[in-house]
Amino acid sequence: MHLFDTIPVGAAFGAQELHLSDALMARWTSLYPDDAPDGRMPAGMIAVASMRAYSDLVTPRPPGNVHGSQHYEMLRRPALGERLTTSIACVGKELKRDRRWVHFDTETLGEDGTPCFRGRMTVLWAA
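In what follows, the accompanying structure is described. Everything numeric in this text was worked out from a predicted model, so none of it was measured.

Some details on the pairing of strand β4 (residues 99-109)
- Here strand β3 (residues 83-96) pairs with β4 via 11 bridges, running antiparallel. Each bridged residue has a counterpart across the sheet, and for L95 the counterpart in β4 is R100.
- In this structure, the hairpin formed by β3 and β4 is closed by a connection of two residues, where R97 is found at a positive phi of approximately 50°.
- Bridge count for β4 against strand β5 (residues 115-125) is 10 bridges, and the pairing is antiparallel. Pairing of L109 across the sheet is with P115, part of β5.
- Linking β4 to β5, which pair antiparallel, is a turn of five residues; within it G113 sits at a positive phi near 90°.

Describing helix α1 (residues 22-31)
- Within α1, the full set of buried residues consists of L24, M25, W28 and T29. Down the axis of α1, the buried side of the element spans an arc of 130°, and every buried residue falls inside it. Turned more than 90 degrees from where α1 packs its buried face, D22, S30 and L31 sit exposed.
- Residues of α1 that are buried sit in contact with β1 (12-19) and α2 (46-57).

What counts and what doesn't
- Residues numbered from 1 in each chain as written.
- Predicted model: local features only at pLDDT ≥ 70, side-chain atom pairs only at ≥ 80, totals over all residues.
- Heavy atoms only, no water.
- Pairing = 2+ DSSP bridges.
- Helix = DSSP H or I, 4+ residues; strand = E, 2+ residues; numbered from the N terminus.
- Buried < 20%, exposed > 50% of the residue type's maximum accessible area, 1.4 Å probe, protein only.
- Arc of directions from axis to C-beta.
- Contact = heavy atoms within 4.5 Å.

See below:
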């Protein structure tokens, strides 16, 4: 279990691949029909890659964690069909008013190794 006191700042949790397939895009546009397909990933899908990587790689987590905030920097919109690789690392921890906050950075690269987007996620850690 990854507890607040034992998560080392600087720890890399690995990387996860996401294929921007036609099926994934179809599921996205069924939820967000205004994101008409133009051959590129809609900016809103950044969270899909980042949250899948967090959910699958930062495990096991204590029950009760709360997603506090996230922000992203879009460097380029990946093309439909591209395979993306998202890595995640703990970049900081802080105790504020008896609350444990953990900060994670994500970076998503395209299949050619060029950066697509980067992000910072802050989580209220339960234990």
